[in-house]
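Chain by chain, the residues run as shown.
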Amino acid sequence: MPPAPCPCGLTESYAACCGRFHDGGLTAPTAELLMRSRFSAFAVGDTEYLLRTWHPDTRPRRLTLDPGQEWTRLEILGRTAGGLLHAEGTVEFRAHYRHRGRDGFLEENSRFRREDGHWVYLDAEA
């Protein structure tokens, strides 16, 4: 039986997709792949990765995830810049979840910035 696809929605297994970023061996080469890997980090409960990929100016000192929230699916709705040759970019997404038996979603247009050669999450556009 093949491994389950990555929580981010791409077809590769977690280990071959976002897991390779979570373990610190590689960094996401684009803003969209960082967005996907951050969604997967929420799905698997990897707060260390979430904090590590958060811009130092906007990163919280502590991050506690709600154990009653299950992140179930990610849709990428749009993007601007954020490629290999860019310093900034945005990714608009819809993240689906189940919280205490109820389905819901979070929609956001996230801003990303390249710092010291690595993409980091900056904040959400208002």
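What you see is a predicted model; the values in this text were computed from it and never measured.

Quick notes on the rules
- Residues numbered from 1 in each chain as written.
- Predicted model: local features only at pLDDT ≥ 70, side-chain atom pairs only at ≥ 80, totals over all residues.
- Heavy atoms only, no water.
- Helix = DSSP H or I, 4+ residues; strand = E, 2+ residues; numbered from the N terminus.
- Salt bridge = Lys/Arg side-chain N within 4 Å of Asp/Glu carboxyl O.
- Buried < 20%, exposed > 50% of the residue type's maximum accessible area, 1.4 Å probe, protein only.
- Pairing = 2+ DSSP bridges.
- Axes fitted to C-alpha atoms, helices over the stretch in contact; angles between N-to-C directions.
- Contact = heavy atoms within 4.5 Å.
- Lys, Arg positive; Asp, Glu negative; His and termini not counted.
- UniProt positions renumbered as here; feature names shortened; annotations may be inferred.

Q: Would you take a moment to explain the environment of Gly 101 for this structure?
A: If you trace the backbone, Gly 101 turns up in the loop between β2 (88-99) and β3 (102-115). Put simply, Gly 101 and Asp 23 are 78 residues apart on the chain and 31 Å apart in space, counted from C-alpha to C-alpha.

Q: What should I look at first to understand the pattern of salt bridges in this one?
A: Close approach of charged atoms allows side chains with opposite charge to pair. All told, the structure shown has nine salt bridges when counted by the stated rule. Where Arg 111 meets Asp 123, a salt bridge forms, and the shortest distance between an N and an O atom there is 2.6 Å. Of the two residues, Arg 111 sits in strand β3 while Asp 123 sits in strand β4 (residues 118-124), which places them 12 residues apart along the sequence. Taking the relative accessible area as the measure of exposure, Asp 123 reaches 23% and is therefore partly exposed. Connected through shared salt-bridge partners, Arg 73, Glu 75, Arg 94 and Glu 107 make up one network.

Q: It is not clear to me how the sheet that holds β2 should be interpreted in this structure. Could you clarify?
A: Hydrogen bonding along the main chain pairs the strands of a sheet, whether they run parallel or antiparallel. Strand order in the open sheet made by the four strands is β1-β2-β3-β4, with antiparallel pairing throughout. Whereas interior strands pair on both sides, the edge strands pair on one side only; in this sheet they are β1 (69-81) and β4. Pairwise comparison of adjacent strand axes, ignoring direction, gives a mean angle of 35° for this sheet. Note that β3 and β4 share six bridges and pair antiparallel. Its bridge partner being in β4, Phe 112 is matched across the sheet by Tyr 121. Docked against the sheet, helix α2 (residues 31-44) engages β1, β2, β3 and β4, running at close to 170° with respect to β1.

Q: Which parts of the structure should I look at to understand the side chain of Glu 108?
A: Assignment of secondary structure puts Glu 108 in strand β3. Buried charged residue Glu 108 carries no salt bridge. Nearest counter-charge: Arg 38, at 7.3 Å. Beyond its immediate chain neighbours, meaning those up to four positions away, Glu 108 contacts Val 91, Glu 92, Phe 93, Tyr 121 and Ala 124.

Q: Would you explain unusual backbone geometry in this entry?
A: Negative phi values dominate among residues other than glycine, just as trans dominates among peptide bonds. Although it is not a glycine, Ala 81 sits at a positive phi angle of roughly 45°. As for its position among the elements, Ala 81 is in strand β1. Of note in the backbone geometry, Arg 100 takes a positive phi value of approximately 50° without being a glycine. Counting through the fold element by element, Arg 100 comes out in the loop between β2 and β3.

Q: Is there a simple way to think about the UniProt feature "domain: YchJ-like middle NTF2-like" (unreviewed entry) in the chain in this case?
A: Mapped onto this numbering, the UniProt entry annotates "domain: YchJ-like middle NTF2-like" (unreviewed entry) at residues 30-124. Across residues 30-124 one finds 21% helix and 48% strand; the C-alpha atoms that close the span lie 17 Å apart.

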